[in-house]
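For reference, the chains in residue letters:
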Amino acid sequence: MLYVQDRMNHTLAVLENYYNDTHTLILESGVSTYNFTIPKNQDGSEYLVRGNYVVLADDKGQGWKFTIMATDETHSSLDVECEDLGLELLNKVRNSWASPGSAQPFKFYFDKVVRDTGWTLGVNEISNLSRTLSWDGRDTALKRLLSICTQFDHAEIEFKVEFRNMAVVKQIVNVYKQRGADRSDTQLIYGDSVNDIRKTTEIRELATAIQGVGGVIQKDNPVEGEPEEHVDFASLTYDDGEYFTPAGDPFLYARVANQQFNIKDTYLEDFYDYDTQDAQELLNRTLTQLKERCQPKVNYEVDLAKVDSSLNLGDTVTIIDHDYKPELLLSGRVLQIEKSYTDSSKNKATFGNFLILYSNISDQLRALQEQMNSLKPVANYMWLRYAKDDKGNGMTAMPTSDTKYVAIISNKSTGVPSDDPADYAGHWQLIQGQDGTDGIPGAKGEDGRTSYFHTAWADSENGSIGFTTSGGNGKKYVGTYSDFTEADSTEPSKYNWALFKGVDGKDGTDAVVLNVSSVNGNMFKNTGISTILTVSISVGDSIFDTAEKMHAVFGADAYLQWQVKNAGELEFKDVSLTDTRLSDGGFLFAVSAADVNNKSTFKCELYY
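Each chain carries its own residue numbering, running from 1 in the written order of its sequence. Local features in this predicted model are restricted to residues whose pLDDT is 70 or higher, and side-chain atom pairs enter the listing and the counts only when it is 80 or higher, whereas totals over whole chains, interfaces and linings include all residues. Note: side-chain values were computed over all heavy atoms of the structure, leaving out hydrogens and water.

A few points about helix α6 (residues 547-554)
No. 1: Note on classification: 1.4 Å probe, protein chains only; a residue is buried when its accessible area is under 20% of the maximum for its type, exposed when over 50%, partly exposed between these limits. A helix here means a DSSP run of H or I that spans at least four residues, while a strand means a run of E at least two residues long, and both kinds are numbered starting from the N terminus. Buried within α6 we find A547, M550 and F554. With its buried residues spanning 60 degrees around the axis, α6 presents them on a single face. Exposed side of α6, more than 90 degrees from the buried face: E548 and A552 are the residues found there. The directions from the helix axis to the C-beta atoms are what the arc is built from.

Listed below in structure tokens is the structure:
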């Protein structure tokens with residue numbers, strides 16, 4: 001039902017017979033439009049003229065008020081185009097603004113831009129931020145407001161109106177760090193709710209070096225006419241192997257991406273402006289930008305067969321295509337919604353800000369998954385041995401005071417490590433120098449930098465108890481990591497820890513050791529997490545890597561209990577024994593990006 005009002009908010013007509021209606025909601029601007037068609041012979045159609053209002057309640061009971069902007073009529077029908085009250089800000093012009101001279105909160109700029117419009121600030125999730133902003137040219141009030149939001153960490157806005165007796169009593173702008181919710185409960189699957197997925201890739205905006213430009217440096221005694229100077233991070237150094245900036249250089253470089261995408265010797269440069277007086281903050285922000293810009297831009301167009309009516313702007317959903325080659329799993333935000341209140345089959349949604357959660361599966365992992373699906377599990381193991389020298393002499397399974405070298409080999413088909421030193425040739429690395437404090441130098445890379453392999457030992461699974469870099473006698477856990485710094489870190493959190501000594505058995509014959517290995521390693525870039533955790537149980541010289549073998553040895557009641565602890569959590573939580581990610585009684589655990597929150601620790605225990 002539509003209510004038509006004049007500019008004095010008097011209701012002129014109530015319309016029921018309308019069709020071809022579309023309510024379009026847009027995340028980027030926060031505003032919406034409403035178009036519909038009505039027979040010209042319907043009573044009240046004569047009031048559908050430019051400047052009048054159309055009021056309606058949507059499918060969720062929220063009230064909307066639109067201004068009629070244009071009409072298009074034939075002999076028998078009338079097409080009406082409306083814009084919500086937020087678009088009335090297009091009719092207000094804002095001139096250039098000088099800098100306020102100091103950082104000001106969002107409300108300071110908001111009050112200036114909505115002056116004399118009737119809009120007020122509601123929710124403000126960025127009240128803790130301040131910026132020093134200025135504008136040289138003229139803008140509409142709406143464009144200026146969106147520009148302010150961009151400068152305040154790309155905040156997102158929502159226009160809402162409150163009614164009393166069909167009259168608008170309050171016009172509110174809500175400001176969010178990010179609109180929408182995590183709707184992982186909503187999965188859009190090809191063949192069901194998804195008709196097709198189109199992928200496009202382009203490098204027009206590719207950059208492998210970005211200069212960070214901060215806020216204007218405030219001087220105590222500025223000289224008139226002197227050009228402004230901006231904060232930069234030239235006084236800082238940073239190098240994580242992939243991204244770096246040397247001292248005295250205002251640019252941050254993407255070393256690996258430049259080698260991959262730029263055939264020239266130079267870097268593809270660009271600028272990034274961020275209003276801050278803190279050089280470290282500017283570096284952090286520029287690093288985030290460079291990580292996004294140094295890779296080809298990949299977009300996905302998703303054609304939906306039907307739209308979940310509960311979706312809101314900004315919601316993040318999962319889009320799945322099992323038939324895509326390779327298999328595709330995406331996370332995408334709702335950027336635009338088109339609703340029809342007369343024909344829900346015409347509802348549409350546009351998605352963007354895509355992240356690949358699961359794609360480009362390695363041949364090895366694909367083979368493992370196919371075998372899992374056919375209930376034919378495959379396990380891969382890591383071999384770990386110590387020796388007195390890099391030839392494998394005096395090789396042992398446990399470190400001693402004489403062992404100064406370690407060899408680690410992954411992806412072996414058996415959980416019983418070989419005792420032949422020849423099988424470890426080329427893998428030996430020094431772990432115990434004269435002072436036991438420096439890392440192992442690796443081969444120099446293309447840029448002349450030397451990588452170092454570091455090893456430490458401890459009595460706890462996170463390295464916090466009994467930590468040492470001077471030998472592993474009597475220790476239960478070994479930790480390793482690599483970087484470009486020679487000295488071993490004394491911070492246990494930098495190391496990847498693994499159990500290499502089980503509990504003592506009687507006379508060395510009945511010790512039970514459970515080993516967990518990851519097919520694709522333990523560290524992944526961004527959201528490219530895709531691996532299978534495999535379990536093997538050692539008892540003496542025997543290895544058990546299936547549920548059938550486990551039950552044969554430990555009894556029918558034996559079971560594996562997985563636990564997980566995400567970043568920021570204090571305790572491990574049990575994974576249900578019936579969890580669909582587990583197969584073969586828990587001997588295989590398929591892990592994807594959806595299972596990891598920044599950093600997650602998985603552990604498995606045997607109960608019998």
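Picking up where we left off.
A closer look at the side chain of D6
No. 1: Mapped onto the elements, D6 comes out in the loop between β1 (2-5) and β2 (11-15).
No. 2: For the buried D6, which has no salt bridge, the nearest side chain bearing the opposite charge is K65, at an N-O separation of 7.9 Å.
No. 3: Of the polar contacts made by the side chain of D6, one reaches the backbone nitrogen of H10; its length is 2.9 Å.
No. 4: Residue contacts for D6: discarding those within four places in its chain leaves L12, N52 and Y53. The charge count includes Lys and Arg as positive and Asp and Glu as negative, but it does not include His or the ends of the chains. Each salt bridge in this description consists of a side-chain nitrogen of Lys or Arg and a carboxyl oxygen of Asp or Glu lying within 4 Å of one another. Counted as a polar contact is a pair of N or O atoms within 3.5 Å, where, for protein atoms, one must be capable of donating a hydrogen and the other of accepting one, and residues adjacent in sequence contribute only when both atoms are in side chains. Any pair of residues with heavy atoms lying within 4.5 Å of one another is described as a contacting pair.

Thoughts on the sheet that holds strand β37 (residues 573-574)
No. 1: At least two DSSP bridges between two strands are needed for those strands to be called paired. Strand order in the open sheet formed by 3 strands is β37-β36-β40, with antiparallel pairing between adjacent strands. Bordering the open sheet on either side are β37 and β40 (600-607), each of which pairs with just one other strand.
No. 2: Sheet topology places strand β36 (residues 559-566) next to β40; 8 bridges connect them, and they run antiparallel. Opposite W562, over in β40, you have C604 as the bridge partner.

Let's talk about the pairing of strand β23 (residues 316-321)
No. 1: Of all 6 residues in β23, 6 are buried, a share of seventy percent or more.
No. 2: With burial as the criterion, each face of β23 is covered, one bearing T316, T318 and I320 and the other bearing V317, I319 and D321.
No. 3: Looking at chain direction, strand β15 (residues 182-189) and β23 are connected through 4 bridges and run parallel. Considered in β23, the bridge of L188 is made with I319.
No. 4: Strand direction decides the pairing type here: β23 and strand β24 (residues 328-339), joined by 6 bridges, are antiparallel.

Comments concerning the pattern of salt bridges
No. 1: Tallied over the entire structure, the rule returns 15 salt bridges.
No. 2: A salt bridge links K40 to E73, with the nearest nitrogen and oxygen atoms 2.7 Å apart. Within this pair, whereas K40 is found in the loop between β4 (32-39) and β5 (53-57), its partner E73 is found in strand β6 (residues 63-73), the two being separated by 33 residues in sequence.
No. 3: Notably, a salt bridge pairs D239 with R255, separated by 3.2 Å at the nearest N-O pair. Residue D239 is located in strand β18 (residues 238-239), and its partner R255 is located in helix α3 (residues 255-261); the two are separated by 16 residues in the primary sequence.

Notes on the sheet that holds strand β14 (residues 167-176)
No. 1: Spatial ordering of the open sheet is given by β10-β14-β13, a layout of 3 strands whose pairing is mixed. The sheet terminates laterally at β10 (119-124) and β13 (156-164), the two strands that pair on one side only. Within this sheet the neighbouring strands show an average axis-to-axis angle of 30 degrees, counted without direction.
No. 2: Across 9 bridges, the pairing between β13 and β14 is antiparallel. Directly across from F163, in β14, lies its bridge partner V168.
No. 3: Fitted lines through C-alpha atoms give the axes, limited to the stretch in contact for helices. The angle between two N-to-C directions lies from 0 to 180 degrees. Most of the contacts of helix α1 (residues 106-113) go to β10, to which it runs at about 155 degrees, and overall it touches β10 and β14.

Some points on the nonpolar core
A general feature of soluble globular proteins is that nonpolar side chains tend to end up buried together.
No. 1: Put simply, buried Ala, Val, Leu, Ile, Met, Phe, Trp, Tyr and Cys residues joined by side-chain atoms within 4.5 Å make one nonpolar core. Counting 36 residues, the largest nonpolar core has L2, Y34, F36, L48, C82, I319 and F351 as the members making the most contacts within it.
No. 2: The biggest single contributor to this core is β24, with 4 residues.
No. 3: Apart from residues no more than four positions distant in its own chain, L48 is found in contact with V4, L15, F36, I38, V54, I68, T71, L78 and V80.

A short note on the environment of K40
No. 1: Overall, the relative accessible area of 32% leaves K40 in the partly exposed class.
No. 2: In sequence terms K40 and T74 are 34 residues apart; their C-alpha atoms lie 8.5 Å from each other.
No. 3: With sequence-adjacent residues up to four places away left out, K40 is seen in contact with S45, E73, T74, H75, S76, S77 and L78.

Some remarks on the pairing of strand β17 (residues 209-213)
No. 1: With 5 of 5 residues buried, β17 lies mostly within the body of the structure.
No. 2: Of the two faces of β17, both are covered, the one formed by A209, Q211 and V213 as well as the one formed by I210 and G212.
No. 3: Direction of pairing for β17 relative to strand β21 (residues 269-273): parallel, over a ladder of 5 bridges. Bridge assignment links A209 to a residue of β21, and that residue is E269.

Description of the packing of α1 against helix α2 (residues 141-151)
No. 1: For the pair α1 and α2, the least separation of the axes is 10 Å and the interaxial angle reads 175 degrees. Regarding the angle of α1 to α2, the classification is roughly antiparallel. From α1, F106, Y109, F110 and V113 reach across to α2, where they touch A141, R144, L145, I148 and C149.
No. 2: Split into classes, the residues belonging to the contact of α1 with α2 amount to 8 nonpolar, no polar and 1 charged. Should an angle fall under 35 degrees it is taken as roughly parallel, and over 145 as roughly antiparallel, whereas 65 to 115 is taken as roughly perpendicular and any remaining angle as oblique. In the scheme used here, Gly and all other residues not listed as nonpolar or charged are polar, with Ala, Val, Leu, Ile, Met, Phe, Trp, Tyr, Cys and Pro taken as nonpolar and Asp, Glu, Lys and Arg as charged.

Considering a nonpolar patch on the surface
No. 1: On the surface, a cluster of nonpolar side chains totalling about 280 Å² of accessible area is made up of Y559, L577 and Y607.
No. 2: Along the chain, L577 turns up in the loop between β37 and β38 (582-583).
No. 3: The exposure class assigned to L577 is exposed, which follows from its relative accessible area of 51%. Patches here are clusters of residues that have more than 30% relative accessible area and form no salt bridge, with a 9 Å joining cutoff for like charges and a 5 Å cutoff for nonpolar side chains (Val, Leu, Ile, Met, Phe, Trp, Tyr). Per-residue and other accessible areas were derived by the Shrake-Rupley procedure at a 1.4 Å probe size, with only the shown protein chains allowed to occlude residues.

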